[in-house]
Amino acid sequence: MKNDQKFIDDILGEDFMQQTIGELGLQEVPQDIQADLLSNIGENILKRVTLELLTALPVEERDTFEQMIGSGKGTGLREFLEKHIPNLERFVREHAEREFEATKTAIVMEKQGI
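Fair warning: this is a prediction, and the values are worked out from it, not measured in the lab.

1. Quick notes on the pattern of salt bridges
Okay, so step 1: Enumeration according to the criterion identifies seven salt bridges in this entry.
Okay, so step 2: Here Glu99 makes a salt bridge to Arg48, at a shortest N to O gap of 3.1 Å. Pair noted here: Glu99 is in helix H6 (residues 88–111) and Arg48 is in helix H3 (residues 31–56), with a separation of 51 residues, a long-range link.
Okay, so step 3: Under the relative-accessibility criterion, Glu99 is labelled buried at 15%.
Okay, so step 4: In this structure, the salt-bridge partner of Glu94 is Arg90, at a minimum N-O distance of 3.3 Å. Placement of the pair is Glu94 and Arg90 together in helix H6, with a separation of four residues, close to one helical turn.
Okay, so step 5: Each of Glu23, Glu101 and Lys104 takes part in salt bridges that share partners, so that together they form one network.

This is how it looks when you write it as structure tokens:
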């Protein structure tokens, strides 16, 4: 999970957590609950980005991607993805931001009882 959080920090910026807490009005919520919520948001973002990467890859390369992800090592993963996905960094950031916005909207709606 620590690597997942580093991945999220790398994509969305190190101030992601504090901005999120502020945007959602969670400053008064206990820190352990804040941490759990942010962890869940991070997991959602990671799942979304992984799914979008898998979808964008040519069909014949998907097994290789799944094996690289499954190994947990990630050795050569960036190089592999850059061969198949133009502007990889922008691709990942855009999908991460979309998921973050969708999750944030859902949280706000829930807080408002919608």
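2. Quick notes on the nonpolar core
Okay, so step 1: Ranked by size, the top nonpolar core spans 22 residues in total, and within it Ile41, Ile45, Leu53, Phe65, Leu81 and Ile85 carry the most contacts.
Okay, so step 2: If you list the elements that add at least two residues to this core, you get helix H2 (16–23), H3, helix H4 (62–71), helix H5 (77–84) and H6.
Okay, so step 3: Top contributing element to this core by residue count: H6, with six residues.
Okay, so step 4: For Leu81, the residues in contact, after removing those within four places along its chain, are Leu53, Leu57, Phe65 and Leu88.

3. Re the packing of H2 against H3
Okay, so step 1: Remark: H2 packs on H3, axes separated minimally by 11 Å, with the N-to-C direction vectors making an angle of 110 degrees. Overall, the two elements H2 and H3 adopt an arrangement that is roughly perpendicular. Considering how the two elements wind past one another, H2 and H3 form a crossing that is right-handed. Along the contact surface, H2 presents Phe16, Met17, Thr20 and Ile21, while H3 presents Gln34, Leu38, Ile41 and Ile45.
Okay, so step 2: In terms of residue class, the contact of H2 with H3 is made up of six nonpolar, two polar and no charged.

4. Some details on the confidence of the model for the protein chain
Okay, so step 1: Predicted confidence across the protein chain gives a mean pLDDT of 83, with 87% of residues reaching 70 or more.
Okay, so step 2: Looking at the elements of the protein chain, mean pLDDT is at its lowest for helix H1 (residues 2–12), recorded as 59, and at its highest for H5, recorded as 91.

About the cut-offs
Residues numbered from 1 in each chain as written. Predicted model: local features only at pLDDT ≥ 70, side-chain atom pairs only at ≥ 80, totals over all residues. Heavy atoms only, no water. Salt bridge = Lys/Arg side-chain N within 4 Å of Asp/Glu carboxyl O. Helix = DSSP H or I, 4+ residues; strand = E, 2+ residues; numbered from the N terminus. Buried < 20%, exposed > 50% of the residue type's maximum accessible area, 1.4 Å probe, protein only. Core = buried A, V, L, I, M, F, W, Y, C linked by side-chain atoms within 4.5 Å. Contact = heavy atoms within 4.5 Å. Axes fitted to C-alpha atoms, helices over the stretch in contact; angles between N-to-C directions. Parallel < 35°, antiparallel > 145°, perpendicular 65-115°, else oblique. Left-handed = near helix turned anticlockwise from the far one by under 90°. Nonpolar A, V, L, I, M, F, W, Y, C, P; charged D, E, K, R; others polar. pLDDT = per-residue confidence, 0-100.

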